[in-house]
Amino acid sequence: MSPNHPQGGLQARWQAVRERVDAACRAAGRDPAEVGILPVSKTFPVEVIREAVSFGLRRFGENKVQEIKAKYEPLADCAIDWIMIGHLQTNKVKEVARLVSEVQSLDRMELAEALHKRLQIEGRVLDVLVQVKTSTEETKYGLPADELPGFLDALRSFDTLRVRGLMTLAVNSEDESRVRTCFRMLRELRDQAMASGHDVPRLSMGMSGDFALAIAEGATEVRIGTAIFGERAYPDSYYWPEKPNPV
Ligand SMILES: *Cc1c(COP(=O)(O)O)cnc(C)c1O
């Protein structure tokens, strides 16, 4: 059985993923309690998310603001934390400031400024992760790694943005060493940032196909869609332009 064609009900698949994540932790000599799973519910309907809520999930990753907006009201009774993990256009910050609990795709100053302005109006503070580009040409989005120190310093002046760590998408490759290099780079950037006084312990890295490598390199949370919810109906390119192309 391919891990990306999971069998059984949603709760069984969730448990199977949790077990695979725990096994990857033990293989890496890490405590499974150190690694969270962010279920990525994009393209899946509210009934499926409601079922996941019924067995205890409360945080869901989405990569489009429009989709969070559409799901927010029908699921308002579920007290969900919506986590924005996709490329964010500056003209969408109004909805983000109102509906989202955390942004993992903060990748440029223009976006930080726009979010800060809007969050001041809403009177809210948001947890954010800085998305860093760790592969050379394959991903469209993410802050260039050499700009990270300056970016983190500059973010200190935005008191509405609580920077908690870093996020990345690895190169999409069969070559495990190339994938691992991306994850290792993010961990090293995190370690350097911590050494210069930034409180950014979190590393959001790893998806259905590469989470074991991410865990081996220090991920504190993995973002899992397909292995929990099943294959998505649309090709990734349709709604996820930032996904790395296979190389
Ligand atoms: C969709 C998505 C994921 C999950 O990908 P799967 O391969 O389905 O696990 C992870 N991160 C981001 C940014 C995504 O958009």
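Scroll up a little and you will see the structure.
For the structure given in this document, a descriptive report is provided here. Keep in mind that this is a model prediction, so the values were computed, not measured.

Criteria and thresholds
Residues numbered from 1 in each chain as written. Predicted model: local features only at pLDDT ≥ 70, side-chain atom pairs only at ≥ 80, totals over all residues. Heavy atoms only, no water. Salt bridge = Lys/Arg side-chain N within 4 Å of Asp/Glu carboxyl O. Helix = DSSP H or I, 4+ residues; strand = E, 2+ residues; numbered from the N terminus. Buried < 20%, exposed > 50% of the residue type's maximum accessible area, 1.4 Å probe, protein only. Phe/Tyr/Trp six-rings, centres within 6.5 Å; stacked < 30°, edge-to-face > 60°.

**Considerations on the pattern of salt bridges**
What the rule picks out here adds up to 21 salt bridges. Its salt-bridge partner being Lys69, residue Glu95 comes within 3.4 Å of it at the nearest N-O pair. Of this pair, Glu95 sits in helix α4 (residues 93-99) while Lys69 sits in helix α3 (residues 65-72), and the two are 26 residues apart along the sequence. Ionic pairing is found between Arg108 and Glu110, a salt bridge with its closest N-O pair at 3.4 Å. Judged by relative accessible area, which is 48%, Glu110 ranks as partly exposed. Where salt bridges share partners, they join Arg59, Glu102, Arg202 and Glu221 into one cluster.

**A word on the packing of aromatic side chains**
Within the structure shown, the criterion is met by 2 aromatic pairs. Measuring from ring centre to ring centre gives 5.4 Å for Phe44 and Phe229, while their planes differ by 25 degrees; the resulting arrangement is stacked. One end of the pair, Phe44, is in the loop between β1 (36-39) and α2 (46-54); the other, Phe229, is in helix α9 (residues 226-229), with 185 residues separating them in the sequence. Judged by relative accessible area, Phe229 falls into the buried class, the value being 6%.

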